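Each chain, written out:
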Amino acid sequence: MIQMSKFKKSADLDNVKMVDFYRQMLYIRMVSVALRQSALKMELKCPVHFSFGQEATAVGVGMNLKKKDAIVITHRSHAPYLAKGGDLKKMIAEIYNKKDGTSGGIGGSMHLNSPEKNIFCSAIVSGGISIAAGLALSFRMKRKNNVAVAFFGDGAVEEGGLSETLNFAALKKLPMVFFCENNMYAVNSHISETKAVHEVSRIARAYDLPAIRIDGNNILEVYKAVKTAVNRARNSRGSTFIEATTYRWLEHVGPRFDHISGLRPEKEVRKWISRCPLKSYEKYLLKKTIINNKEISKFKVNIERRIKAAWEYMDRSPYPKLKQLEKII
Ligand SMILES: Cc1ncc(C[n+]2csc(CCOP(=O)(O)OP(=O)(O)O)c2C)c(N)n1
Ligand SMILES: [Mg+2]
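Summarised in this report is the structure supplied together with it.

Conventions we followed
- Residues numbered from 1 in each chain as written.
- Chains lettered and ligands numbered in written order.
- Predicted model: local features only at pLDDT ≥ 70, side-chain atom pairs only at ≥ 80, totals over all residues.
- Heavy atoms only, no water.
- Donors = N, O, S within 2.8 Å, 3.2 Å for Na, K, Ca; no water.
- Helix = DSSP H or I, 4+ residues; strand = E, 2+ residues; numbered from the N terminus.
- Buried < 20%, exposed > 50% of the residue type's maximum accessible area, 1.4 Å probe, protein only.
- Salt bridge = Lys/Arg side-chain N within 4 Å of Asp/Glu carboxyl O.
- Expected span 1.5 Å × (residues − 1).
- 1 Å grid on protein atoms, 1.4 Å probe; cavity = no way out; pocket = protein on both sides within 12 Å on 5 of 7 lines; lining within 4 Å.
- Points joined across faces, edges and corners; volume = space filled by probe spheres on them.
- Nonpolar A, V, L, I, M, F, W, Y, C, P; charged D, E, K, R; others polar.
- Phe/Tyr/Trp six-rings, centres within 6.5 Å; stacked < 30°, edge-to-face > 60°.
- Near = heavy atom within 4 Å.
- Polar contact = N/O pair within 3.5 Å; in protein donor to acceptor, adjacent residues only side chain to side chain.
- Areas by Shrake-Rupley, 256 points an atom, 1.4 Å probe, with all protein chains shown as cover.
- Disulfide = S-S within 2.5 Å.
- Contact = heavy atoms within 4.5 Å.
- Pairing = 2+ DSSP bridges.
- Axes fitted to C-alpha atoms, helices over the stretch in contact; angles between N-to-C directions.

**Some points on the coordination of the magnesium ion (ligand 2)**
Move 1: Around the magnesium ion (ligand 2), the protein supplies D154 (OD), N183 (OD1) and Y185 (O) as donor atoms, at distances of 2.1 to 2.2 Å.
Move 2: Positions of the donor residues of the magnesium ion (ligand 2) along the chain correspond to the pattern D-x28-N-x1-Y. In this pair, D154 is assigned in the loop between strand 3 (148–153) and helix 6 (160–172) and N183 in the loop between strand 4 (176–182) and strand 5 (185–186), connecting sequence segments 29 residues apart.
Move 3: On the accessibility criterion, N183 (6% relative accessible area) is buried.

See the structure below:
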């Protein structure tokens with residue numbers, strides 16, 4: 001089993017930034033908890049792919065990007081959307097299928113698009129990777145100093161779209177980052193059942209792209225790897241492939257654990273929960289006295305307030321009219 005790496009502070013990081021990482025992960029976790037409670041009560045009808053356990057990957061990317069940089073996210077959308085600065089109110093409204101959501105309430109959790117913040121979402125497995133390449137190409141053609149990041153899961157690796165895009169990005173030296181969250185499962189299939197090569201970053205080396213495998217539960221490691229990749233892209237040195245190993249705690253879609261139904265070994269799930277990216281980082285920050293419990297409580301109060309405001313916004317928003325749906329189909 002993949003071992004968790006140690007937190008190592010790099011010289012370019014100050015305490016303010018290190019606390020920001022924590023606050024962002026906490027924010028994403030608390031939003032997920034609130035949504036999970038709604039889903040368990042059956043208040044929330046929209047299918048939701050939760051990211052419990054995958055907060056460090058989202059934040060490590062988001063903290064490296066500027067507003068005009070682009071991300072293309074997947075069905076597991078909430079964490080990267082929020083980490084890139086996506087509007088919480090619009091996200092909650094969308095997930096509840098309300099008119100003021102990111103896609104007018106007719107898309108749901110898998111359509112968290114926010115073009116004004118350069119956040120694009122595609123739930124077609126591997127489909128978003130070539131969209132990110134298109135965005136990267138447009139940055140190049142318009143001589144903009146921006147970067148496009150494609151988020152995808154290990155399940156996208158054996159899709160043709162990835163290979164085609166790797167070739168194109170390498171050939172054109174696109175300002176792009178291939179960011180694979182390898183959580184070792186695509187729905188209920190473990191990588192050992194679906195892939196000849198488990199270390200998926202090796203695939204990128206066939207295209208002569210720099211590729212790195214990192215501990216996706218270690219925020220400092222993710223931040224550092226993405227920083228290097230984004231700098232390469234901004235300096236016209238081309239694309240990088242990052243494989244961040246991690247684990248999703250809950251079932252593929254929905255608010256429950258799936259080891260109860262025998263879909264994954266309970267021991268494995270428990271092991272990964274003990275490597276919680278948020279709790280382990282919190283422990284590190286407390287030990288180094290970079291943060292204290294009083295500050296953590298303050299953050300929690302503030303985030304609770306934002307969550308409450310987002311739910312109120314969603315409550316006030318009407319459902320979209322049927323006509324709106326007819327416009328699309
Ligand atoms: C082209 C395509 N095939 C199948 C699906 C159904 N589907 C949705 S998510 C998923 C698994 C994705 O696994 P992975 O890429 O590892 O992402 P994870 O859910 O682990 O985050 C599948 C097969 C789809 N959305 N698109
Ligand atoms: Mg996966």
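**Thoughts on the pattern of salt bridges**
Move 1: Under the definition given, this model contains 13 salt bridges.
Move 2: Its salt-bridge partner being D12, residue K227 comes within 2.5 Å of it at the nearest N-O pair. Placement of K227 in helix 9 (residues 219–234) and of D12 in the segment before helix 1 (15–40) is noted, with a sequence separation of 215 residues between them.
Move 3: Under the relative-accessibility criterion, K227 is labelled partly exposed at 26%.
Move 4: According to the relative accessible area criterion, D12 is partly exposed, its value standing at 42%.
Move 5: Between K90 and E116 there is a salt bridge, with its nearest N and O atoms 3.8 Å apart. Here K90, found in helix 4 (residues 88–95), pairs with E116, found in the loop between helix 4 and strand 2 (119–121); they are 26 residues apart in sequence, far enough to count as distant.
Move 6: Look at K90 and you get partly exposed, because its relative accessible area is 29%.
Move 7: Overall, the relative accessible area of 46% leaves E116 in the partly exposed class.
Move 8: Among the charged side chains, a salt-bridge network with shared partners connects R248, D258 and R264.

**Here we look at helix 1**
Move 1: For helix 1, with 26 residues, the first-to-last C-alpha span of 37 Å sits near the 38 Å given by 1.5 Å per residue.
Move 2: M42, located one to two residues past helix 1, shows a positive phi value of around 65 degrees.

**Considerations on empty space enclosed by the protein**
Move 1: Scanning the entire structure with this criterion turns up 1 cavity of 30 Å³ or more.
Move 2: Approximately 40 Å³ is the volume attributed to the largest cavity.
Move 3: In terms of lining, the largest cavity is formed by I28, S32, H49, F50, S51, H78, A79 and L82.
Move 4: Breaking the lining of the largest cavity down by element, the ones donating at least two residues are helix 1 and helix 3 (78–83).
Move 5: Looking at the lining of the largest cavity residue by residue, the classes come out as 4 nonpolar, 4 polar and no charged.

**Quick look at the packing of aromatic side chains**
The relative placement of two aromatic rings is captured by the distance of their centres and the angle of their planes.
Move 1: Counting across every chain of the model gives 11 aromatic pairs.
Move 2: Ring centres of Y185 and Y247 lie 6.1 Å apart, and the angle between their planes is 80 degrees; on these two criteria the pair is classed as edge-to-face. With a gap of 62 residues between them, Y185 in strand 5 and Y247 in the loop between strand 8 (240–245) and helix 10 (266–273) connect regions that are remote in the sequence.
Move 3: The class for Y185 is buried, based on a relative accessible area of 8%.

**So, the site of ligand 1**
Move 1: With respect to spatial proximity, 14 residues lie near ligand 1, and among them H75, R76, G155, N183 and Y185 are the closest.
Move 2: Within the contact set of ligand 1, an oxygen atom lies 2.8 Å away from a side-chain nitrogen or oxygen of H75.
Move 3: Within the backbone of Y185, a nitrogen or oxygen atom sits 2.9 Å from an oxygen atom of ligand 1.
Move 4: Coverage of ligand 1 by the protein amounts to 70% of the 590 Å² it exposes when considered alone.
Move 5: Residues that form the shell around ligand 1 fall into these classes: 7 nonpolar, 5 polar and 2 charged.

**Let's talk about the state of the cysteines**
In a disulfide, the sulfur atoms of two cysteines are held together by a covalent bond.
Move 1: All chains considered together, the criterion is met by 0 disulfides.
Move 2: Unpaired in this structure, C180 has its nearest cysteine sulfur neighbour in C121, at a distance of 17 Å.
Move 3: Overall, the relative accessible area of 0% leaves C180 in the buried class.

**Overview of the side chain of D258**
Move 1: With respect to the secondary-structure elements, D258 resides in the loop between strand 8 and helix 10.
Move 2: Here D258 falls in the buried class, since its relative accessible area comes to 1%.
Move 3: At a separation of 2.9 Å, a polar atom in the side chain of D258 contacts the side chain of R264.
Move 4: Other than its neighbours up to four places away in sequence, D258 contacts N188, R248, L250, E251, H252, L263 and R264.

**Details of the sheet that holds strand 1 (residues 70–73)**
Move 1: Spatial strand order, 2-1-3-4-8-7: 6 strands in an open sheet with parallel pairing. The strands lining the two open edges of the sheet, one partner per strand, are strand 2 and strand 7 (211–215). Strand after strand, the sheet turns through a mean of 20 degrees between neighbouring axes, direction not considered.
Move 2: With 3 bridges connecting them, strand 1 and strand 3 associate as parallel partners. Each residue of the ladder has a partner; that of I71, found in strand 3, is V149.

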